[in-house]
Amino acid sequence: MRPVKHLAWLLVVYVSATVYYTGYRMAQLQREKEGICKRSEEVREKLSKDACTTLTKNLTALSLTKKFDEKTLMQDAAAMLRCPWQEDKEKNNHYRSAMKQCCNASDWLIVTQKNAPLGQNIIYETQKNKKVNVSLEMFNLFPKTSPISGKSLKSCAVVGSSDILSGSCCGREIDQNDFVIRFNVPPLLNYTNDAGRKVHLVTVNPSILIKRFQNLNHRRKAFVDMIQPYGDALIMMPVFSFTGNTEVSFKVQYTLEDFGLASKMVSFHPVYLQKLAEYWKGKGLKARRLSSGLMLVSAALELCDTLTLYGFWPFSTDWKGRKLSYHYYDQVKFERIVHAMPMEFLLYSQMHIDGALRLHVGPCF
């Protein structure tokens, strides 16, 4: 029996040492990263007032042109973001009022039993010749009222997925906001230092369900494992944007209920998206379809007292020429897609200049 006890004692010592070393090493890596952030802070430079004035004029002029050079936009925007930012309450209220008047996110962003009553036909956002009748089963899946209506959202963060977030140390700053929006269920646990972990609303592109989870027709545990870290966050889907989205989107809600998850699936209302597209088209934005980023930034402009954007950078390199992946959490190669991302980024830059929102690119220190 003694050799067995001796072996057990050695095993306990080994496990304890392993746990201690792992904890020590993680703490060491965290200190090293924080040290890097601190050292980087010492060499950052702020641009002069005259330089900032010139950049503001350049970007304002650029926003009025129909064609622009992306490299020039990238360099000017990167430099502009080194200028001191000042919130302008008047401009903030102007954008909020404009968003409220055109689209009313509080009442129309999310499909509810109030704005999509039983028996009504819902016309699809992108297929206006297609419609679906609100059946009793469908009606019961809608929330009675919008989960975000009437909420006092003092500070909001909309977190994009650009690889520009890597090494930014923005996680703590992001998590200090009252309401955090993310896109396409990015992994949370291994990226908290740069991207944070707080989330209240996250979008899901139905293509993810089709490609990775076989339309949720078979085993659904992998999908559940992906959603579980999001707690009680709203899972936002474009249920009525394309006819092919509807069935698989409702399967998300069934799955959440079947596995007892706290998250709830909600849908963009096609009326809201159509009005929003008309609004930005009237402002000169030429795009086949708005990105989900601009959709939710627009909603946040209306709903939040203050708004900061992180991880929005529609270029394949940073301003120093460093190559970027498409997302901060994978190695997918940067590619062009249907959305007018550079033009949308120019809109964000102009709103940053106006003081209506803060566009944060780069380190958070």
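Residues numbered from 1 in each chain as written. Predicted model: local features only at pLDDT ≥ 70, side-chain atom pairs only at ≥ 80, totals over all residues. Heavy atoms only, no water.

Caption draft 1: Fine view of the pairing of strand β7 (residues 264–267). The sheet contact formed by strand β6 (residues 234–237) and β7 spans four bridges and is parallel. Bridge pairing in β7 links Met 236 to Val 266. Chirality of the crossover, the property in question, places the unit of β6, helix α11 (residues 243–258) and β7 among those that are right-handed. (Pairing = 2+ DSSP bridges. Helix = DSSP H or I, 4+ residues; strand = E, 2+ residues; numbered from the N terminus. Right-handed = clockwise from strand over helix to strand, strands pointing away.)

Caption draft 2: View of the confidence of the model for the chain. For the chain, per-residue confidence averages 86 on the pLDDT scale, and 85% of positions sit at 70 or higher. Within the model, the stretch residues 31–35 combines pLDDT values under 50 with six contacts to residues more than four positions away or in other chains. Every residue in residues 39–44 scores below 50 in pLDDT, and together they form four contacts with partners more than four places removed in sequence or on other chains. (pLDDT = per-residue confidence, 0-100. Contact = heavy atoms within 4.5 Å.)

Caption draft 3: Structural detail: empty space enclosed by the protein. Summed over all chains, the structure comprises two cavities of 30 Å³ or more. The greatest single-element share of the lining of the largest cavity, amounting to four residues, is contributed by helix α13 (residues 292–303). Here the residues of the lining of the largest cavity are counted per class, giving 11 nonpolar, no polar and no charged. As for the second largest cavity, its lining consists of Val 111, Leu 141, Phe 142, Pro 143, Phe 250, Met 265, Val 266 and Ser 267. With three residues, β7 is the single largest residue contributor to the lining of the second largest cavity. Among the residues making up the lining of the second largest cavity, the classes are represented as seven nonpolar, one polar and no charged. (1 Å grid on protein atoms, 1.4 Å probe; cavity = no way out; pocket = protein on both sides within 12 Å on 5 of 7 lines; lining within 4 Å. Points joined across faces, edges and corners; volume = space filled by probe spheres on them. Nonpolar A, V, L, I, M, F, W, Y, C, P; charged D, E, K, R; others polar.)

Caption draft 4: Expanded view of α11. Of the residues making up α11, those classed as buried are Asn 245, Thr 246, Val 248, Ser 249, Phe 250, Lys 251, Val 252, Gln 253, Thr 255 and Leu 256. For α11, the elements touching its buried residues are α6 (136–141), α9 (206–213), α10 (221–227), β6 and β7. The positive-phi residue at the C-terminal boundary of α11 is Gly 260, with phi of around 70 degrees. (Buried < 20%, exposed > 50% of the residue type's maximum accessible area, 1.4 Å probe, protein only.)

Caption draft 5: Quick peek at the state of the cysteines. Inspection of the entire model under this criterion finds four disulfides. Disulfide pairing is shown between Cys 52 and Cys 83; the S-S distance is 2.1 Å. Sign of the S-S torsion, about -105 degrees for the bond between Cys 52 and Cys 83, identifies this disulfide as left-handed. Here Cys 52 is found in helix α2 (residues 49–63), whereas its partner Cys 83 is found in the loop between α3 (70–80) and α4 (89–102), with 31 residues between them in sequence. Comparing Cys 52 with Cys 83 shows no difference in burial state: the two are buried. (Disulfide = S-S within 2.5 Å.)

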